[in-house]
Amino acid sequence: MKTKITGISAYLPSKVVTNDDLSKTLDTSHEWIYTRTGIASRHVSADDETTSTLAIKAAREAILKANIDPMAIDAIIVSTTTGDSRFPSCACKVQGAIGAYKAFAFDLNAACSGFIYALAVADSMMKSMHLKNVLLIASETITKFVDWTDRSTCVLFGDGAGALVLQSSNDDSSGILATKLYSNGEEDKFNAILSHNGPQNDHRGYVTMAGRTVFKYAVEYMAQSMKEILSENNMTIDDIDWIIPHQANKRILDTICKMHDFPIEKMIITTENHANTSSASIPLALSETMDKGTIKKGDTLLFTALGAGLVWGSAIVKL
Ligand code: UT7
C-alpha cells in the first residue's frame, strides 16, 4: 500500500505587507530584509481571520481537486503552532465546517517542521489503521504571535495555509516513499534559541529568536537529514526532481546548497512573496509551483524542514 497525494491546495490572506510598508513603522529597510532573507513581502491575516478559517479555505479547495465527498474523509490533521485557542483544535473546526462528520480530527504541533511530521503521522496511521482518505492541512497565523515592534523577528514571518488530500492505494508506483524525523530539546542548547515566550494564544507572549544560531543549525540539520533519508533509501540527489524546503530564509537555502553540494536549480524557493509561514510553507510552495506547472505528476520531491524544539526532518514523495 502507498499513501498518495490526490489533491493539493493553498490559501493566502489577501492583505500583503511589503518591506517598504514595514520600513514606515520600523527602523528597517527593504535592502536589509531582502539581502539577508530573500523576503520582499508577506501575507498577513486580517483581525477576523484565524488559523482555522485559513485552513478551511485551503481544505475546501483540496477536496474539490481530489474530487472526494467530505463524508469519505477518515481523519483530519491540522499542523499548527498558532491555533485559534488552546482548545478546541483547529482540526475539529475544519471537520465541522466542511461536514466531514465521519473523520476523527486533531492538531499536531511540530513548529516549522509540522508539515513533515504530519505527513509521517498520516502515512503511518493510514497503513496501521487502514484509513482510505486523510485530510492534512498546515495552517499558520504566526503574524498574530510576533512583536510588531521587534525588527529582528517580525519582518521574517507571514501567514497562510496549505492542504493535501491523502489517499491509500494498491498502486506502489507513486506516493510517500520515506519520512525521517528528529528532535532535540536540550534546554540550554536548543529550547532557548527559538521560542514563543508566552502561553498559546496569549498575545503578551511573542516569538523570540537567536537568529544567527538558528541559521547555523538550520543549515547543518536540514542538510544532514536530506543526506540521511537519501542514503537510507538507496537514492541520490539525482533521483530527486525538486527539493521543497521550509521557506524560512533564502540565504539558509543558498548556504545549504553551497556548503553541502545540493543543486540550487532543484530547490523551490518562495520566500520572496510568502516569507516564513512556519509549517504551512512547504505545502504553500508545493501548491504554487504545481499550479504554475513547474512541478508535475510523476516528479519525485524531497521535503525538508527545521523548527523550534529543535525539530527537523525530511520526506520523499513521488507524485
Ligand atoms: O524556521 C526558522 C526561523 N528562523 C530563521 O529563519 C532565522 C535564521 N536567521 C537569520 O535569517 C538571520 O540571523 C537574520 C535575518 C534573522 C538576521 O540576520 P543577521 O545577519 O544574522 O543579523 P544580526 O541578527 O546579527 O543583526 C545584525 C544587525 C544588528 O545591528 P547591530 O547590533 O549590528 O547594530 C541588528 O540590530 O542588524 C540589526 N537588525 C536589523 N536592521 C535592520 C536586526 N533586524 C533588523 C532589521 N532591519 N529588520
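Small disclaimer: the values here were computed from a predicted structure and weren't measured.

### Considerations on the overall build of the protein
In step 1: Each helix and strand counted, the protein has 10 helices and 13 strands in total.
In step 2: Its C-alpha radius of gyration of 18 Å places the protein within 12% of the 20 Å reference for a compact globule of 319 residues.
In step 3: Taken across its 319 residues, the protein has 58% of its residues classed as buried.
In step 4: Charge centroids of the protein, computed over 30 positive and 36 negative side chains, lie 1 Å from each other.

### Quick word on the site of the ligand
In step 1: Close contacts around the ligand come from 22 residues, with T28, R151, G211, R212 and N249 the closest.
In step 2: For the ligand, an oxygen atom lies 2.7 Å from a polar atom in the side chain of R212.
In step 3: Measuring from an oxygen atom of the ligand, one finds a side-chain N or O atom of N276 at 3.4 Å.
In step 4: With the chains in place, 73% of the 950 Å² that the ligand exposes on its own is no longer accessible.
In step 5: Contributing elements (two or more residues each) for the shell around the ligand: helix 2 (30–37), helix 6 (151–154), helix 7 (211–232) and helix 8 (250–260).
In step 6: A total of 4 residues in the shell around the ligand trace back to one element, the largest contributor, which is helix 7.
In step 7: The residue makeup of the shell around the ligand, split by class, is 10 nonpolar, 7 polar and 5 charged.

### Some points on the environment of A161
In step 1: The residue A161 is located in strand 7 (residues 160–169) in this model.
In step 2: A sequence separation of 99 residues divides A161 from A62, and the C-alpha atoms of the two residues are 11 Å apart.
In step 3: Not counting residues up to four positions away in its chain, the partners in contact with A161 are S9, A10, Y11, L54, A55, A58, A138, S139, A280 and L284.

### Let's talk about the pattern of salt bridges
In step 1: Inspection of every chain in the model, using the stated rule, returns 9 salt bridges.
In step 2: A salt bridge links D123 to K127, with the nearest nitrogen and oxygen atoms 3.1 Å apart. Here D123 and its partner K127 are both found in helix 5 (residues 114–128), 4 residues apart, which amounts to about one turn of the helix.
In step 3: Its relative accessible area of 36% is what places K127 among the partly exposed residues.
In step 4: Put simply, E288 and K292 hold a salt bridge, and the shortest N to O gap is 3.6 Å. Linking E288 with K292, this pair stays in helix 10 (residues 281–292), spanning 4 residues, or about one helical turn.
In step 5: The partly exposed category is assigned to E288, whose relative accessible area is 26%.

### Remarks on the sheet that holds strand 4 (residues 75–79)
In step 1: Sheet architecture is open: 5 strands sit in the order 1-7-6-4-5, paired in mixed fashion. Each of the sheet's edge strands pairs with one partner strand only, and the pair in question is strand 1 (2–11) and strand 5 (104–108). Between one strand and the next, the sheet's axes are offset by a mean angle of 20 degrees, whatever the strand orientation.
In step 2: Helix 3 (residues 51–66) contacts strand 1, strand 6 (133–140) and strand 7 of the sheet and is inclined by roughly 125 degrees relative to strand 1.
In step 3: Along the sheet, helix 10 makes contact with strand 1, strand 6 and strand 7, crossing strand 1 at roughly 85 degrees.

### Some remarks on the sheet that holds strand 12 (residues 300–307)
In step 1: Taken in spatial order, the 4 strands line up as 8-13-12-11 in an open sheet, and their pairing is mixed. Taken across any chain shown, the strands that pair with only one partner, and hence form the sheet edges, are strand 8 (175–183) and strand 11 (242–245). Taken pair by pair, the neighbouring strands of this sheet meet at an average axis angle of 15 degrees, ignoring direction.
In step 2: Relative to strand 13 (residues 311–318), strand 8 runs antiparallel, the two sharing 8 bridges. Looking across to strand 13, one finds that G175 is bridged to K318.
In step 3: Lying on the sheet, helix 5 is in contact with strand 8, strand 12 and strand 13; it crosses strand 8 at an angle near 120 degrees.

### Section: the packing of helix 7 against helix 8
In step 1: For the pair helix 7 and helix 8, interaxial distance at closest approach is 9 Å and the crossing angle is 55 degrees. Relative to helix 8, the element helix 7 lies oblique. Viewed along their axes, helix 7 and helix 8 form a crossing whose handedness is right-handed. Here F215, A218, V219, M222, A223, M226 and K227 of helix 7 lie close against helix 8, whose contacting residues are R251, I252, T255, I256, M259 and H260.
In step 2: Broken down by class, the residue content of the contact of helix 7 with helix 8 amounts to 9 nonpolar, 2 polar and 2 charged.

### Describing the nonpolar core
In step 1: Counting residues in each nonpolar core, the largest one holds 38 residues, and the members touching the most others are F115, L119, L166, I244 and F303.
In step 2: For this core, the element with the most residues is helix 5, which contributes 8 residues.
In step 3: Once residues lying within four places of it in the same chain are set aside, the contact partners of L119 are L136, L164, L166, I176, F303, A315 and V317.
In step 4: Counting 32 residues, the second largest nonpolar core, distinct from the first, contains L194, F215, A218 and V219.

Conventions used here
- Residues numbered from 1 in each chain as written.
- Predicted model: local features only at pLDDT ≥ 70, side-chain atom pairs only at ≥ 80, totals over all residues.
- Heavy atoms only, no water.
- Helix = DSSP H or I, 4+ residues; strand = E, 2+ residues; numbered from the N terminus.
- Rg over C-alpha atoms; globule rule 2.2 N^0.38 Å.
- Buried < 20%, exposed > 50% of the residue type's maximum accessible area, 1.4 Å probe, protein only.
- Lys, Arg positive; Asp, Glu negative; His and termini not counted.
- Charge placed at Lys NZ, Arg CZ, Asp CG, Glu CD.
- Near = heavy atom within 4 Å.
- Polar contact = N/O pair within 3.5 Å; in protein donor to acceptor, adjacent residues only side chain to side chain.
- Areas by Shrake-Rupley, 256 points an atom, 1.4 Å probe, with all protein chains shown as cover.
- Nonpolar A, V, L, I, M, F, W, Y, C, P; charged D, E, K, R; others polar.
- Contact = heavy atoms within 4.5 Å.
- Salt bridge = Lys/Arg side-chain N within 4 Å of Asp/Glu carboxyl O.
- Pairing = 2+ DSSP bridges.
- Axes fitted to C-alpha atoms, helices over the stretch in contact; angles between N-to-C directions.
- Parallel < 35°, antiparallel > 145°, perpendicular 65-115°, else oblique.
- Left-handed = near helix turned anticlockwise from the far one by under 90°.
- Core = buried A, V, L, I, M, F, W, Y, C linked by side-chain atoms within 4.5 Å.

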